Amino acid sequence: MGTWTAHFIQRILDARRRNGAGNAKTLPSVTQTGANPGTRGESKETEHGEAMHRRELGTNPTPKTLQSVGRMAAMRNQSGQHYEAVLLAQEAFLGSRKAFGEQAPHTLDALSNLGSVWKAQGEHEEAEKCFRGAFKLRHDKLGPNHPDTLTSLNNLASALDSLGRAAEAGRLYQECLERRCNTLGSSHPDTLTSAGNMALYLRTHGQPAKARELFEQVLVGRRKIFGVRHMDTIISMNNCASVAMDNAEECRRKCDPREETRQQHKAEALLKEAVVAGSNYLGTRHPVTLRAMNNLAGLHKDRGQLDKAKLMYEKAVAGLRAAQGDKHLDTLTCINNLGGVLRSLGEVDDAEECYKEASIGIVEKLGDLHPTSLSTLYNWALTLDELGDSASALPLYLHELDHGPFTGECGSKGSRGRSKRFVFGFRFIQTKKANHRAGLSSHATHAMAEAKMLTIEDLIFGPSKERKSEEKTRKRDELVISCLRSLAMDAVQQANSGHPGTPMAMAPVAYSLWARVLNYDPECPHWMNRDRFVLSMGHASMLLYGLLHVAGVKEVTQDGLLTGKMAVALEDIKSFRQFGSKCPGHPEVGETGVEMTTGPLGQGVATSVGMAIASKWLASNFNKPDLPLFGFDVFALAGDGCMQEGVSGEAASLAGHLKLNNLCWIWDNNQITIEGNTAWAISEDIATRFVAYGWNVLRVGDANDVEALTRAFLSFRREQDRPTLIVVDSHIAWGAPTMQDSFHAHGTPLGEKEVAATKHIYNWPDEKFLVPEEVVGHFRQQMLERGGAKRQHWEQMLATYRVQYPQEGALLQAMLDGQLPQDWDRFCQAFPADAKGLATRQSSSACLNSVAKGLPWLIGGSADLASSCLTTLTKEADFLPPASRWGHFGGRNLHFGIREHAMGSIMNGLALCKLRPFGSTFLVFSDYMRPPIRMAALMEVPSVFVFTHDSIGVGEDGPTHQPVEQLCSLRSIPGLFVFRPCDANECLEMWKAVVPMKDPVAVVLSRQALPTLDREKFASASGLHRGGYVLADSEGMPNLILMATGSEVHLMLQAHEVLAGRGIKVRSVSMPCMELFKTQPQDYIDSVLPRACRARVSLEAGRSDSWGALIGLDGEHVGMISFGASGPGKRVQEEYGFTVDAVVMAAARVMRGTPQEMSSRAQSLLSWKKRRLSSYHRLPSL
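On a predicted model such as this, the values are computed, not experimentally measured, just so you know.

1. Concerning the overall build of the chain
When helices and strands are tallied, the chain shows 46 helices and 20 strands. Burial statistics for the chain: of 1182 residues in total, 56% are counted as buried. Taking all contacts inside the chain whose residues are at least 6 apart in sequence as the whole, residues at least 24 apart take part in 70%. If you sum the accessible surface of the chain, you get close to 48600 Å²; carbon and sulfur atoms cover 52% of it.

Next comes the structure, spelled out in structure tokens:
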């Protein structure tokens, strides 16, 4: 800490020397670091801004377009993007002046808007020029009493007041008020606004009595006009309360406790009313509401109610962060105030964090010589000194000593009351308060003497030992980063295949995250509360393999056992992208420590949302006040491609809605894709889109700035109710002499000469696959000191948890071990036979709820179709942010919204965190989520995809909602088990079979009611556990086999009766899960489908493609060869050949050995297409 603070002071002094004392905006924010003049970070922003302006303004701008650009400027300014805000505001003004003339109303509005942007940034001189110009032009064109003229006059007065020209500002405020009184009347809202501004001026400049009178008049007027439910009224309440607090302070100085208490009660009543009204009618994040909260917290602090003050300040800080950003002056001031309360409560560590953040931000905003900056820096110094870190505090004291005000008093309140003697005599003053006016103590004098003995280098950079240690650490950091980059280049070059550019650019980002922030233990990489790192841009796999190797991550078997071997050895890296290698082209979950399989862009970031949800759910359901077992964070590294994929937008929208503050996406903004520059294909402002999603957006202007990256990650950790997007500007293939910033570096080896030249730039030996021991030791030590210690502490907590909470501990251990609770299916009950029956979506719903009672970590929802798919867990809460009051983070019903793709990915994230997820939609919409279904099968995670409305039986909704090809499509995915039960009891057995499975499952259910079979007449539904079973049979070897799934099983049984009545030996087989049936021993398969019987007919309201292996060349399929049609379900089924007669005819053909030929099916499809052009006609039975 000491060397960092000293370095901070050096940056202040350097900036002052460059820019002139007192005027430097010295500290770059997390969002600006690295974007220095002349670097690519700034030029990239400029090019992006100019391109955006050209798009917005076009060649023939309209007033509406220009107003839109002005609004964009205001939005950018509020979100802290000051550079782009000024560009937009200037462009709007210049465009308006060019298009409409200097005195056009749109031009003057744009000029005023530009002034407001300058003023918000503290550039009061620029603001004054804009406001004065607008006032003059409006005065000349509209007259002195026009409302717009008076608005400009009021703005001008405000700018002059900020510049310290108080007399001129007061005269203009007074003139504006008088003119509005004369032209509009004393009760007009604009007049009341002017009166409020005048009152603020009077209060600021030492006329509290007049200010109080005006404030009270304004409040009375606004209550009368607007009532309580109006922003202006709430502002007036806040102002009157501030005056009452000033009066209370004055009474305290005059030793009038009775009047002091009265004024405090008055202020409290007004502030509480303002907070309640603001929360109800403006929202808890509105600046007016937050200002009232801040003032109420200050009042609690003044009255000694520190716990109340802390709570209110924390709420205010959280709201200000969400509403105005981390770097807004109001946010920083509130953080500073919170630090004061925490210090008073004895929470010095937390206070120091608050003062540090406030100091950095306020110095950046106001410069290092502003009184507020000096005050905040001094508070930070005091806290550091209380923590015993005098080395860090001393440079801050010296800065105060050089530039702080001299009053001759020691111990007066506020920065104006501090003297040079107080700066060095504070320890003596704290211990001997009775002598606080005695001047310098011998202790303080000794401190000054010691300070004089230090060299200037020691004062600025810290003691020489610390400087050497910091420099050594920095060099080791650079070695690790260069090692990661070189490993990526070498592996891709040796494989002659791969993506070197992104690992080279992102190595500092990954290193700063893993080494400094990530709670991860390489010795035990599967402990449950570890932070998750997802490489969403899977093509940069060598970055991840390099991290796993250098960090020394140990191998974990699929059974969760540590082998003691390296998860990724150097030999594995040397065989990158080779057959059988543990380092495939894209990361694959398994024994290597990879958290999830990635490669298809967008899947990683979307799946990370499921991981973040799992963290929240686990914490809500298992944490105890004294045993916080869960609360891991999730980091995902994404590229431009991930940001463009639609699934990332779906997932980001839901994450923002759920306020997942434990989720951090890092966007590698290198502006390069495979084809070239991203500007060729995308022009939207992605960062602003994420602000609209409700995310906290930070920016690091240089991917090589490890300190800025670390600050960004720590800023994410402080965020309380928003996910975070960190935009990192980078150069693809950084350091490559000819390939840097080239799209060729995305997916092409650099070449031996380019690799050697790049290593020379890195100051790295030209040796392949070099991993020095110094690199390994430095990286592993940092991870073990943090992640290893936290893992050990967590294991101790888990042991204590099992003892103190044995029942919950047993459930938790079963979940961690991948086991099921004992008697988990005890609530499942069989269904009685019923000719009318239930739709399988209904019976499945009953079974799902029964299973959920015995399996507490079964969690899921629907893509806005829970009422149709019937997948609501009826006695469980909804998973929603507690602040929404609709649910909480312990709820088991997820509302995915109409985001099928994201739903599938999020389910996979939940499954990767040991939960058992399900998600539902209509079968026809499974096409929207095929990528995550495929990923679930590839990763072998037990996600349960529930699809209802499974056939043309949907009826009236027509072919857009009638699935035809989806069943075959799902069955074609290796490792996915597709179940289509025929009745309620098959549903019950299906869920009993699905829950223990370790693979993904698709459950396909009907919309229409299906009879519940009499299992005394037909075979038991437990045959489902074999995938397929004989449902009805005849004596001896069958001459004909009928097979069906789902709703067509009942049609099959009707045909069975007809055929059996004709003396045919027929066997009817229910085939609810082909994949499960095919895994059975061959003897069982042959017993169900004897090879001697080749006359086979399959029935299913879908394509025939997946039935070929079961019916053979001699069999026939009764199903669909075209899309369906709109109409009543039964009528549509009849028209498309799902009748007993059609089945009997097909049976006759296969028994004769003349099944329908392939060409005849094609002719039927062609005939259907021709007929459909005019009207719907009956399709020939197949």
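2. Focus: the packing of aromatic side chains
Counting across every chain of the model gives 20 aromatic pairs. Judged by centre distance (6.1 Å) and plane angle (90°), the rings of F635 and F713 are edge-to-face. Taken together, the residues span a long stretch of sequence, with F635 in strand β4 (residues 634-638) and F713 in helix α30 (residues 706-718) at a distance of 78 residues. Across the pair, exposure class does not vary: F635 and F713 are buried alike. Ring geometry for F690 and Y693: centres 5.4 Å apart, planes at 80°, overall edge-to-face. Here F690 and its partner Y693 are both found in helix α29 (residues 686-693), three residues apart, which amounts to about one turn of the helix. Taking the relative accessible area as the measure of exposure, F690 reaches 0% and is therefore buried. Every member of this aromatic cluster is reached through a ring pair, and the members are W527, W617, F622, F630 and W794.

3. Here we look at helix α28 (residues 646-658)
An ideal rise of 1.5 Å per residue puts 18 Å on 13 residues; α28 measures up with 19 Å between its terminal C-alpha atoms. Those residues of α28 lying buried are V647, S648, G649, A651, A652, L654, A655, G656 and L658. Positive backbone phi, approximately 60°, marks K659, located one or two places after α28.

4. What about unusual backbone geometry?
A positive phi angle, close to 60°, is found at Q671, a residue other than glycine. With phi around 55°, F769 is a residue other than glycine that occupies positive phi space. Its place among the elements puts F769 in the loop between α31 (752-762) and α32 (773-804).

5. Structural notes on the nonpolar core
Within the largest apolar cluster, 111 residues are counted, with the highest numbers of intra-cluster contacts made by W665, F979 and W991. The leading source of residues in this core is helix α26 (residues 603-622), at eleven residues. Residue contacts for F979: discarding those within four places in its chain leaves M990, V994, M997, V1001, A1002, V1003, V1004, L1024, P1072, C1073 and L1076.

6. Focus: helix α7 (residues 147-162)
With 16 residues, α7 should reach 22 Å at 1.5 Å per residue; the first-to-last C-alpha distance of 23 Å fits that figure. Looking at the buried positions of α7, the neighbouring elements they touch are α5 (105-120), α6 (124-142), α8 (166-184) and α9 (189-204). Two residues or fewer past α7, G164 is found with a positive phi of approximately 90°.

7. Some details on the sheet that holds strand β14 (residues 1001-1004)
With respect to topology, six strands assemble into an open sheet ordered β10-β9-β11-β12-β14-β13, the strand pairing being parallel. Two strands bound the open sheet, and with one partner strand each, they are β10 (893-895) and β13 (977-979). On average, each strand axis in the sheet is inclined to that of its neighbour by 20°, with strand direction left out of account. Both strand β9 (residues 858-862) and β10 contribute to a ladder of three bridges, which runs parallel.

8. Notes on the UniProt feature "binding site: thiamine diphosphate" (unreviewed entry) in the chain
Feature annotation in UniProt assigns "binding site: thiamine diphosphate" (unreviewed entry) to the following positions: H539, G599, P600, L601, G641, N670, H746 and F925. Position of G599 among the secondary structure elements: in the loop between α25 (570-574) and α26. On the basis of relative accessible area, G599 is assigned to the buried category, the value being 18%. If sequence neighbours within four positions are ignored, G599 has contacts with S536, G538 and H586. As for its position among the elements, H746 is in the loop between β7 (724-729) and α31. Assessed through its relative accessible area of 11%, H746 is described here as buried.

9. Observations regarding the sheet that holds β7
Read across the open sheet, the five strands follow the order β1-β4-β5-β7-β6; overall the sheet is parallel. The open sheet has two edge strands with one neighbour each: β1 (532-535) and β6 (696-700). On average, adjacent strands in this sheet sit at an angle of 20° to one another, irrespective of strand direction. By the bridge criterion, five bridges tie β6 to β7 in an arrangement that is parallel.

10. Things to note about the pattern of salt bridges
What the rule picks out here adds up to 44 salt bridges. We note a salt bridge from E268 to K272, for which the minimum N-O separation is 3.1 Å. Note that E268 and K272 are positioned in helix α12 (residues 257-281) at a spacing of four residues, about one turn of the helix. Residue classification places E268 among the buried residues on the basis of a relative accessible area of 10%. With relative accessibility at 42%, the residue K272 sits in the partly exposed group. Close ionic contact of D490 with K759 constitutes a salt bridge, the shortest N to O distance being 2.8 Å. On the criterion of sequence distance, the pair formed by D490 in helix α22 (residues 464-495) and K759 in helix α31 is long-range, its members being 269 residues apart.

11. Some remarks on the side chain of S742
Turning to its location among the elements, S742 is positioned in the loop between β7 and α31. Dropping the residues within four chain positions of it, S742 is found in contact with I672 and I732.

12. With respect to the packing of α28 against helix α36 (residues 900-912)
Across the interface, α28 lies against α36 with an axial gap of 8 Å and an inter-helix angle of 75°. With respect to their mutual orientation, α28 and α36 come out roughly perpendicular. Every residue of α36 that contacts α28 at V647, E650, A651 and L654 is listed here: E900, H901, A902, S905 and I906. Here the contact of α28 with α36 is built from residues that sort into five nonpolar, two polar and two charged.

Cut-offs and rules
Residues numbered from 1 in each chain as written. Predicted model: local features only at pLDDT ≥ 70, side-chain atom pairs only at ≥ 80, totals over all residues. Heavy atoms only, no water. Helix = DSSP H or I, 4+ residues; strand = E, 2+ residues; numbered from the N terminus. Buried < 20%, exposed > 50% of the residue type's maximum accessible area, 1.4 Å probe, protein only. Contact = heavy atoms within 4.5 Å. Areas by Shrake-Rupley, 256 points an atom, 1.4 Å probe, with all protein chains shown as cover. Phe/Tyr/Trp six-rings, centres within 6.5 Å; stacked < 30°, edge-to-face > 60°. Expected span 1.5 Å × (residues − 1). Core = buried A, V, L, I, M, F, W, Y, C linked by side-chain atoms within 4.5 Å. Pairing = 2+ DSSP bridges. Axes fitted to C-alpha atoms, helices over the stretch in contact; angles between N-to-C directions. UniProt positions renumbered as here; feature names shortened; annotations may be inferred. Salt bridge = Lys/Arg side-chain N within 4 Å of Asp/Glu carboxyl O. Parallel < 35°, antiparallel > 145°, perpendicular 65-115°, else oblique. Nonpolar A, V, L, I, M, F, W, Y, C, P; charged D, E, K, R; others polar.

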